[in-house]
Amino acid sequence: MTQENFTYNTLSGVTALSASIRDFIHKKHSHEEYSLGVTLHGIQKFYINGETHAIEESGVMLFNPGDLHCCVPGKRRTNLVYTMLYIQPELFAAATNEKKPLRLTAPVSHDPKLARDIINLSTAVQHSDNDSLCHELLVNLCSNFTSRGHNSSSRSDNSFISKAKDMIYCELGHVLKLDNIAAEFNMTKFQFIRSFKAHTGMSPYQFFLNSKVIRARKHLEAERDLYATVLKFGFVDLSHLNRHFKRVFGVTAHEYLTHSR
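Predicted model only: the values in this text are computed from it and were never measured.

Enquirer: What is the right way to look at the sheet that holds strand 2 (residues 14-21) in this model?
Expert: Sheets are built from strands paired through backbone hydrogen bonds, the pairs being either parallel or antiparallel. The strand order across the open sheet formed by 6 strands is 1-2-9-4-7-11, and the pairing between neighbours is antiparallel. Only two strands of the sheet have a single partner each, and these edge strands are strand 1 (4-11) and strand 11 (108-109). Alignment of strand 4 (residues 34-41) against strand 9 (residues 80-87), held across 7 bridges, turns out to be antiparallel. Its bridge partner lying in strand 9, S35 is registered against Y86.

Enquirer: Just to check I follow, could you spell out the packing of helix 4 (residues 159-169) against helix 6 (residues 189-200) for this structure?
Expert: Each pair of packed helices can be described by the angle between their axes along with the distance between the axes. Interhelical geometry of helix 4 versus helix 6 gives an angle of 110° and a closest axis separation of 11 Å. As summarised for this structure, helix 4 and helix 6 are arranged roughly perpendicular, according to the angle between their axes. The hand of the helix 4/helix 6 crossing is left-handed. Contacts between helix 4 and helix 6 involve F160, I161, A164, K165 and I168 on the former and, on the latter, F192, S195, F196, H199 and T200. Class assignment of the residues belonging to the contact of helix 4 with helix 6 gives a composition of 6 nonpolar, 3 polar and 1 charged.

Enquirer: Sorry, what's going on with the side chain of T83 here?
Expert: Within the secondary structure, T83 is located in strand 9. At a separation of 3.0 Å, a polar atom in the side chain of T83 contacts the main-chain carbonyl oxygen of L17. In this structure the side chain of T83 is engaged in a polar contact, spanning 2.6 Å, whose partner is the side chain of S122.

Enquirer: When you look at the pairing of strand 9 in this model, what are you seeing that I'm missing?
Expert: Walk down a regular strand and you will see the side chains alternate between the two sheet faces. Among the 8 residues of strand 9, 7 are classified as buried, and the element is accordingly described as predominantly covered. As paired strands, strand 2 and strand 9 are joined by 8 bridges and run antiparallel to one another. Of the residues in strand 9, the one forming a bridge with V14 is I87.

Enquirer: So what exactly am I meant to see when it comes to the sheet that holds strand 8 (residues 69-73) here?
Expert: Sheet architecture is open: 4 strands sit in the order 3-8-5-6, paired in antiparallel fashion. Across the chains shown, the open sheet's two edge strands, defined by having one partner strand only, are strand 3 (26-29) and strand 6 (51-55). Strand-to-strand twist of the sheet, defined as the mean angle between neighbouring strand axes without regard to direction, takes the value 20°.

Enquirer: Where do I start with the packing of aromatic side chains in this structure?
Expert: Given two aromatic rings, one states the distance between the centres and the angle between the planes to describe the pair. For the coordinates displayed, the defined rule picks out 15 aromatic pairs. The interplanar angle of 40° and the centroid separation of 5.7 Å between the aromatic rings of Y169 and F207 together place this pair among those described as tilted. With a gap of 38 residues between them, Y169 in helix 4 and F207 in helix 7 (residues 204-223) connect regions that are remote in the sequence. The exposure class of Y169 is partly exposed, given its relative accessible area of 23%. Judged by centre distance (6.5 Å) and plane angle (40°), the rings of F249 and Y256 are tilted. Of the two residues, F249 and Y256, both sit in the buried class. In this structure an aromatic cluster arises from ring pairing among F160, Y169, F185, F192, F196 and F207. Directly above the aromatic system of F235 lies the positively charged group of K212, at a separation of 4.9 Å from the ring centroid.

Rules and cut-offs
- Residues numbered from 1 in each chain as written.
- Predicted model: local features only at pLDDT ≥ 70, side-chain atom pairs only at ≥ 80, totals over all residues.
- Heavy atoms only, no water.
- Pairing = 2+ DSSP bridges.
- Helix = DSSP H or I, 4+ residues; strand = E, 2+ residues; numbered from the N terminus.
- Axes fitted to C-alpha atoms, helices over the stretch in contact; angles between N-to-C directions.
- Parallel < 35°, antiparallel > 145°, perpendicular 65-115°, else oblique.
- Left-handed = near helix turned anticlockwise from the far one by under 90°.
- Contact = heavy atoms within 4.5 Å.
- Nonpolar A, V, L, I, M, F, W, Y, C, P; charged D, E, K, R; others polar.
- Polar contact = N/O pair within 3.5 Å; in protein donor to acceptor, adjacent residues only side chain to side chain.
- Buried < 20%, exposed > 50% of the residue type's maximum accessible area, 1.4 Å probe, protein only.
- Phe/Tyr/Trp six-rings, centres within 6.5 Å; stacked < 30°, edge-to-face > 60°.
- Lys NZ or Arg CZ within 6 Å of the ring centre and 35° of its normal.

Structural data, given as structure tokens:
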């Protein structure tokens, strides 16, 4: 029997997830934020960039915005307990005091200081209302990722992908029309699909659905209105939103709204 518990809290622009699962599988997805996590109990197995990684207790997971990945418990009938932080790119940049976006170059770390910094910030977000404390802990965490530290490099986004993503974002409340987007690049629909997937690891439609869910979560946090979110992002009904929401966040939109603060 599947056992799962996901709790999200947001403070100072940082979202913290506390999760305990046994059989739940996160389907292939990505986030717009930097996603940093620590395994607290059990083994977490995840797939990224064509490779499989198994993270045991105190191991750290590091995902860049847009990194395509999926996660599963590494042992059957054993609870996996972990925490994740989701940090917006602009907030991450401000906290690292870097002029260019940083790309985390390895998805796994066993640095005990980094693990402690993630856990400390996650605990503060989940159990404190102190913005000043959270900002201080965020700076401590992000000091691990400056260009002078380990595990990072500067990058600039590919202009084709950047423009293609922006065009898809404009369609999130509508039906995705690939012919119109492909025409902007003088490509056929099929050329565009192949090129987009080669750059991002997911098809344009997968990216479209993934982005709808991510933006829907932000709208839900701001408006606290399930049905307004369904309408704004063009979901067929609440069950349609809930189904896709759970694939990414582990809970339905209704559960997220009920239990998050």
